[in-house]
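Topology and contacts: notes
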Protein chains: 2
Amino acid sequence: MSPQLALDLSGPAALPLTKRLVGSIVREIQRGALAPGAELPSSRELSRSLGVHRNTVLAAYRELIAQGYLETVKARGTFVSRKIPASEASPGPSCVAPLAIELPPLALGPVGRVHPEELPLLGGLPDLRQFPAAELHRAYRAALRSAHELFDYGDAQGHIRLRKELAAHLRNQRGVAAHESRLLVTRGSQQALFLAARALIGKRGVIAVEQAGYPAAWDAFRVAGAELVPIPIDKGGLVVSALARLAKRRKLAAVYTTPHHQYPTTVTLSGPRRLELLELAARERFVIVEDDYDHEFHFEGNPVFPLAQKDEHGVVLHVGTLSKVFAPGLRVGYAHGPRELIERMTALRAVVDRQGDAALEVALSSLMEEGEFGAHVRRMFRAYTARRKVFFECLERELGDVVEYEPARGGLAVWARVAPRVDVQRWALRARERKVIFQVGSQFFFDRAGGDHHARFGYARLNEAEIEAAFRVLRLSLPKSRGSSSCHEAGVDRSARGARKGIAKKVDL
Amino acid sequence: MSPQLALDLSGPAALPLTKRLVGSIVREIQRGALAPGAELPSSRELSRSLGVHRNTVLAAYRELIAQGYLETVKARGTFVSRKIPASEASPGPSCVAPLAIELPPLALGPVGRVHPEELPLLGGLPDLRQFPAAELHRAYRAALRSAHELFDYGDAQGHIRLRKELAAHLRNQRGVAAHESRLLVTRGSQQALFLAARALIGKRGVIAVEQAGYPAAWDAFRVAGAELVPIPIDKGGLVVSALARLAKRRKLAAVYTTPHHQYPTTVTLSGPRRLELLELAARERFVIVEDDYDHEFHFEGNPVFPLAQKDEHGVVLHVGTLSKVFAPGLRVGYAHGPRELIERMTALRAVVDRQGDAALEVALSSLMEEGEFGAHVRRMFRAYTARRKVFFECLERELGDVVEYEPARGGLAVWARVAPRVDVQRWALRARERKVIFQVGSQFFFDRAGGDHHARFGYARLNEAEIEAAFRVLRLSLPKSRGSSSCHEAGVDRSARGARKGIAKKVDL
């Protein structure tokens with residue numbers, strides 16, 4: 001497209017038109033509308049659009065070239081000189097309006113971007129090196145063959161093929177009496193949580209949440225307008241009796257829970273509490289938002305069916321995601337639940353972003369239809385089983401004197417109590433300097449008021465050698481304290497990068 | 001993955017285990033958790049997971065096969081019989097919780113799904129037959145080569161490459177002093193509007209909107225919590241003096257406007273009102289949300305620069321979309337504006353759906369870098385120019401005695417006054433029966449209180465022959481009234497489909 005210039009030729013009548021044109025182009029360069037390297041219109045085009053003689057434009061261009069603002073490239077045209085320093089991210093004018101101060105401070109999710117050189121000991125990040133990019137690409141290409149349909153306005157509830165596959169998955173793997181008509185495909189579970197809260201609370205309402213819990217969910221609920229009340233966690237999972245006491249005092253719209261592998265503790269909600277919770281929700285008429293984010297990765301004992309499997313009273317909204325199986329960047333999650341709730345969430349979804357990526361949804365449904373999804377889950381299950389073994393060995397060997405934990409029966413992480421002599425926050429910072437990342441317990445508490453002596457370590461993203469390396473760095477990064485000596489740090493390659501390459505010395509502890 | 005069954009073997013102790021197992025499987029089939037065709041676990045797996053003898057499972061399976069619930073497929077396994085009628089979208093239990101009654105009724109957008117056989121005379125739908133699917137596919141494949149990065153958690157503000165391209169586009173084509181640091185990539189302009197409102201109003205606030213206007217935007221603002229106040233439109237666009245009067249009485253958070261080709265009237269906001277509006281916003285400290293949804297398609301006169309081009313006071317949030325150029329299903333839009341506002345919108349975006357599709361964003365930035373975007377705009381501009389000519393000819397020839405309008409200088413539609421003798425609503429229904437779709441004026445008014453004698457016709461999606469056919473159907477569909485005779489309807493193939501194939505007779509009017 002030929003570039004468009006917004007030129008203001010007004011000025012003192014005494015000033016020749018050429019000078020005014022020169023001045024207006026310089027102003028455009030100064031305010032950043034014409035960036036270094038930007039092409040200018042041809043003199044013919046500009047003279048026509050401004051209604052001035054072409055010679056005026058040619059004279060102005062010559063003058064600007066002489067002043068160094070413009071340069072010509074033979075047979076290509078006239079450009080803003082690349083020698084002009086780019087107006088480095090000109091801040092632009094400040095926003096004239098006061099921004100909404102009623103918005104709550106956002107905690108944002110605990111999982112930020114991880115640098116490729118870092119070793120994240122984080123549970124929620126699948127290993128993308130195993131991501132079946134070739135298969136997805138093939139399926140995407142096949143989907144694009146029906147591009148006319150897929151790139152049009154489509155079904156806000158999600159493409160019917162993907163909804164059918166996901167419903168079958170919930171029936172076959174989780175025992176849920178699922179049906180595609182009661183399933184909404186969302187942009188990751190994050191969108192499902194936001195929509196659920198917005199549909200349930202209207203303009204205000206109370207949502208009970210687990211603490212320790214998942215701050216990104218809290219953000220979604222708060223932005224939807226909810227007041228949050230934390231409910232404690234113990235070895236049996238959510239303390240349902242505390243929830244029952246709250247429900248007597250306050251009208252609850254919902255409780256948010258992660259009963260399979262509680263986030264962040266990975267504790268499984270006990271059988272009696274499951275029944276108690278379902279009964280309480282039916283009696284007090286609130287919805288259980290059940291986030292079953294990594295259902296597939298349960299390693300010991302029989303599978304534990306979700307609360308949704310036993311939902312006879314329309315109390316459970318079951319939320320899941322493909323982020324943990326495939327990749328977080330796919331942004332495909334889902335919610336399954338009572339029809340009226342799904343309908344309302346679908347209507348809201350159409351308002352906030354209309355619809356998902358139909359082409360991607362069709363490509364993913366092909367992968368599920370062809371069994372590639374199941375095969376990938378099995379591959380990852382095998383890989384994670386092996387990593388889990390090494391992970392617990394390392395945890396015991398390197399940190400056995402510093403942390404206590406109960407090996408969870410599932411999930412991709414462990415929640416550990418750290419010896420009081422260790423400053424967990426400082427430990428995490430020292431590890432991060434050495435490019436190993438783990439999560440401090442306090443980030444899973446409201447206002448960080450709690451979890452000071454806890455840490456969360458995950459193993460999903462690292463292979464066995466990387467897990468070994470990361471734990472050596474963790475050991476090395478322990479802050480000095482009464483109980484430890486400083487000799488650990490002498491003569492050892494400190495960087496995880498080095499360890500990753502296998503050039504770190506073995507550290508005897 | 002081997003299927004998981006949620007079986008409840010409890011029951012009278014006197015009942016043999018086999019009977020209880022049979023009963024529990026039948027219950028799973030009845031409640032829809034086991035669908036026709038679903039695979040059952042092997043007898044070995046099930047006996048192990050239930051902790052019962054394998055012979056018990058074998059006996060139960062034999063009994064269920066005899067009763068017709070199950071069937072075996074040789075060398076494949078045991079399945080729920082396909083002869084069982086699928087529990088047709090079992091409604092499931094009703095939602096236990098009262099759904100938020102404070103939610104406003106949703107208008108939803110005027111553009112629904114269009115059936116392939118229909119001829120939509122709608123302005124907002126680009127012709128997807130011209131969609132460069134092959135180019136997008138090639139770019140997507142190239143993007144997937146760096147899948148590890150792109151499918152990870154990424155930048156909620158949008159991939160930096162696409163932000164740079166879009167900022168350059170705004171500089172080169174719209175004269176805006178744009179910078180990638182002040183640009184947010186969104187899921188279509190719809191998400192940008194929702195995020196803007198949520199960032200600007202906090203929990204409550206007033207947004208002024210154009211009327212006639214864009215109901216999908218109203219929905220986004222209402223779901224964000226805004227109170228809406230309509231401002232009228234005349235031949236000069238938004239009546240800024242009315243907005244000024246409102247601003248004296250109420251504190252405004254924002255005004256939503258479509259100054260380039262006003263939606264739905266396609267009127268361009270006059271020069272003096274532009275200056276007046278910018279000045280008013282700076283004085284009263286509210287934000288102008290400028291939706292420049294089809295900037296590229298301006299056919300007569302010089303380009304009109306957006307309000308953002310003149311924004312010296314941080315009052316304009318400029319919103320755009322690739323939906324109108326490429327395809328609505330791509331779901332890629334953007335917002336550019338004051339830094340603090342973009343930062344706040346980005347933080348909110350991370351909460352409601354985390355991030356966009358990085359692979360798609362990279363693929364689109366490739367298309368822009370390579371000039372394919374510009375080439376596509378030029379192709380579509382040429383195509384629409386030709387269609388526009390036929391469109392206005394048809395409008396004059398077929399409906400010249402029924403509608404009045406001013407040919408807009410841009411946009412892909414026309415807003416027409418319809419003769420009072422014609423019932424527009426009835427006309428639209430009769431046309432729809434014949435598979436031609438146009439929009440009645442009232443749908444662009446609050447509570448449909450207005451626009452009774454207006455209609456909106458667009459031409460973007462139809463080629464010249466289809467436009468001709470659609471207008472013949474419009475003529476035929478005119479409800480009988482004093483001014484028309486019924487002879488139009490005699491002996492003419494009524495379906496647009498027929499007309500599309502060129503087999504309809506020429507209708508003499």
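The following paragraphs examine the structure supplied in this document. (Residues numbered from 1 in each chain as written. Chains lettered and ligands numbered in written order. Predicted model: local features only at pLDDT ≥ 70, side-chain atom pairs only at ≥ 80, totals over all residues. Heavy atoms only, no water.)

1. Quick look at the overall build of chain A
Along the backbone of chain A there are 16 helices and 16 strands. Per-residue burial over chain A gives 62% buried out of 509 residues. Once local pairs closer than 6 in sequence are excluded, the contacts in chain A between residues at least 24 apart make up 71%. Summing over all exposed atoms, chain A offers an accessible surface of approximately 19,600 Å²; the carbon and sulfur share of this is 51%. (Helix = DSSP H or I, 4+ residues; strand = E, 2+ residues; numbered from the N terminus. Buried < 20%, exposed > 50% of the residue type's maximum accessible area, 1.4 Å probe, protein only. Contact = heavy atoms within 4.5 Å. Areas by Shrake-Rupley, 256 points an atom, 1.4 Å probe, with all protein chains shown as cover.)

2. Topic: the packing of aromatic side chains
A complete count under the given rule lists 40 aromatic pairs over all chains for this structure. Taking the centre distance of 5.6 Å and the plane angle of 75° together, the rings of Tyr263 of chain B and Phe444 of chain B count as edge-to-face. With Tyr263 of chain B in the loop between strand 8 (252–257) and helix 10 (271–284) and Phe444 of chain B in the loop between strand 15 (439–440) and strand 16 (454–458), the pair connects residues that are 181 residues apart, well separated along the chain. Look at Tyr263 of chain B and you get buried, because its relative accessible area is 8%. Feature note: the residues Phe391, Phe392, Tyr405, Trp427, Phe438, Phe457, Tyr459 and Phe471 of chain A constitute an aromatic cluster, connected by ring pairs. The lysine or arginine in question, Arg222 of chain A, covers the ring of Phe446 of chain A, its NZ or CZ lying 5.3 Å from the ring centre. (Phe/Tyr/Trp six-rings, centres within 6.5 Å; stacked < 30°, edge-to-face > 60°. Lys NZ or Arg CZ within 6 Å of the ring centre and 35° of its normal.)

3. Considerations on the sheet that holds strand 13 (residues 413–418) of chain A
Residues and elements named next belong to chain A. Strand order in this open sheet of four strands is 12-13-16-15, and the pairing throughout is antiparallel. Both outer strands of the open sheet, strand 12 (403–404) and strand 15 (439–440), are each paired with one neighbouring strand and no more. When strand 13 meets strand 16 (residues 454–458), the two strands line up antiparallel, connected through five bridges. Bridge pairing in strand 16 links Arg417 to His454. Along the sheet, helix 13 (residues 372–399) contacts strand 12, strand 13 and strand 16; its crossing angle with strand 16, the most-contacted strand, is approximately 140°. (Pairing = 2+ DSSP bridges. Axes fitted to C-alpha atoms, helices over the stretch in contact; angles between N-to-C directions.)

4. Re the interface of chain A and chain B
Taken together, the contacts link 121 residues of chain A with 121 residues of chain B. Both sides together, the interface formed by chain A and chain B hides about 10,500 Å², and carbon and sulfur atoms give 57% of it. A salt bridge links Asp152 of chain B to Arg461 of chain A; the nearest nitrogen and oxygen atoms lie 2.8 Å apart. Taken together, the links from chain A to chain B amount to 31 residue pairs in polar contact (both at pLDDT 80 or more). (Buried area = accessible area lost by both parts, 1.4 Å probe. Salt bridge = Lys/Arg side-chain N within 4 Å of Asp/Glu carboxyl O. Polar contact = N/O pair within 3.5 Å; in protein donor to acceptor, adjacent residues only side chain to side chain.)

5. Some thoughts on the nonpolar core
Across soluble globular proteins, you tend to see nonpolar side chains buried next to one another. In this structure, Phe438 and Phe457 of chain A together with Phe457 of chain B are the most contacted members of the largest nonpolar core, which totals 290 residues. Excluding residues that lie within four positions of it along the chain, Phe457 of chain A makes contacts with Leu121, Phe391, Leu395, Leu399, Val403, Ala413, Val414, Ala416, Trp427, Phe438 and Leu474 of chain A. (Core = buried A, V, L, I, M, F, W, Y, C linked by side-chain atoms within 4.5 Å.)

6. Points about helix 15 (residues 464–477) of chain B
Residue and element names in this part refer to chain B. The terminal C-alpha atoms of helix 15 lie 20 Å apart, and with 14 residues this matches the ideal 20 Å at 1.5 Å per residue to within 8%. The buried count for helix 15 comes to 11 of 14 residues, which makes it a mostly enclosed element. Along helix 15, the residues classified as buried are Glu466, Ile467, Ala469, Ala470, Phe471, Arg472, Val473, Leu474, Arg475, Leu476 and Ser477. The N-cap residue of helix 15 is Asn463: its side-chain oxygen and the backbone nitrogen of Ala465 are 3.2 Å apart. (Expected span 1.5 Å × (residues − 1).)

7. Concerning the sheet that holds strand 12 (residues 403–404) of chain B
Strand order in the open sheet formed by four strands is 12-13-16-15 (chain B), with antiparallel pairing between adjacent strands. Edge strands, defined here as strands with exactly one partner in the open sheet, are strand 12 and strand 15 of chain B.

8. Overview of the environment of Arg417 of chain B
Residues and elements named next belong to chain B. With respect to the element layout, Arg417 can be found in strand 13 (residues 413–418). Judged by its relative accessible area of 35%, Arg417 is partly exposed. Between the C-alpha atom of Arg417 and that of Leu360, which follows or precedes it by 57 residues, the distance is 42 Å. Look past the residues within four positions of Arg417 in its chain and what remains in contact with it is Val402, Val403, Glu404, Tyr405, His453 and His454.

9. Structural notes on the relation of the copies chain A and chain B
Here chain A sits on chain B after a turn of 180° about the axis and a move of 0.0 Å along it, with an RMSD of 0.1 Å. Here the symmetry operator amounts to a two-fold rotation axis. Comparing interface residues between copies, 100% of those in chain A also lie at the interface in chain B; the contact surface is shared. (Least-squares fit on C-alpha atoms with pLDDT ≥ 70 in both.)

10. Some thoughts on the side chain of Gln262 of chain A
All names here are of chain A. For Gln262, the location among the structural elements is in the loop between strand 8 (252–257) and helix 10 (271–284). Judged by its relative accessible area of 1%, Gln262 is buried. Those residues in contact with Gln262 that lie beyond four places of it in its chain are Glu210, Ala212, Gly213, Ile233, Val267 and Tyr293.

11. Some points on the packing of helix 7 (residues 188–201) of chain A against helix 11 (residues 339–352) of chain A
Residues and elements named next belong to chain A. Taken N-terminus to C-terminus, the directions of helix 7 and helix 11 make an angle of 110°; their axes are 9 Å apart at the nearest point. With respect to each other, helix 7 and helix 11 are oriented roughly perpendicular. The way helix 7 lies across helix 11 gives a crossing that is right-handed. Only Leu341, Arg344, Met345, Leu348, Arg349 and Val352 of helix 11 make contact with helix 7, whose side of the interface consists of Gln191, Ala192, Phe194, Leu195, Ala196, Arg198, Ala199 and Leu200. Among the residues making up the contact of helix 7 with helix 11, the classes are represented as 10 nonpolar, one polar and three charged. (Parallel < 35°, antiparallel > 145°, perpendicular 65-115°, else oblique. Left-handed = near helix turned anticlockwise from the far one by under 90°. Nonpolar A, V, L, I, M, F, W, Y, C, P; charged D, E, K, R; others polar.)

12. A look at the pattern of salt bridges
For the coordinates displayed, the defined rule picks out 52 salt bridges over all chains. Among the salt bridges present, the one from Glu28 of chain A reaches Arg31 of chain A, with a minimum N-O distance of 2.9 Å. Here Glu369 of chain B and Arg161 of chain B are joined by a salt bridge, their closest N and O atoms 2.9 Å apart. Here Glu369 of chain B, found in helix 12 (residues 358–369), pairs with Arg161 of chain B, found in helix 6 (residues 160–174); they are 208 residues apart in sequence, far enough to count as distant. Residue class for Glu369 of chain B comes out partly exposed when judged on its relative accessible area of 42%. Given the relative accessible area of 31%, Arg161 of chain B is considered partly exposed. Beyond isolated ion pairs, a larger network of salt bridges with shared partners links Arg187, Arg349, Asp353 and Asp357 of chain A together with Arg187, Arg349, Asp353 and Asp357 of chain B.

13. Details of helix 3 (residues 54–66) of chain A
All names here are of chain A. The terminal C-alpha atoms of helix 3, which comprises 13 residues, lie 18 Å apart, in line with the 18 Å expected from a rise of 1.5 Å per residue. Three or more residues of helix 3 are buried, namely Thr56, Val57, Ala60, Tyr61 and Leu64. Down the axis, helix 3 shows its buried residues gathered within 130° of arc, on one side only. Relative to its buried face, helix 3 has exposed residues pointing more than 90 degrees away, namely Arg62 and Ala66. In the core, the buried residues of helix 3 are packed alongside helix 1 (17–30), helix 2 (43–50), strand 1 (70–73) and strand 2 (77–80). (Arc of directions from axis to C-beta.)

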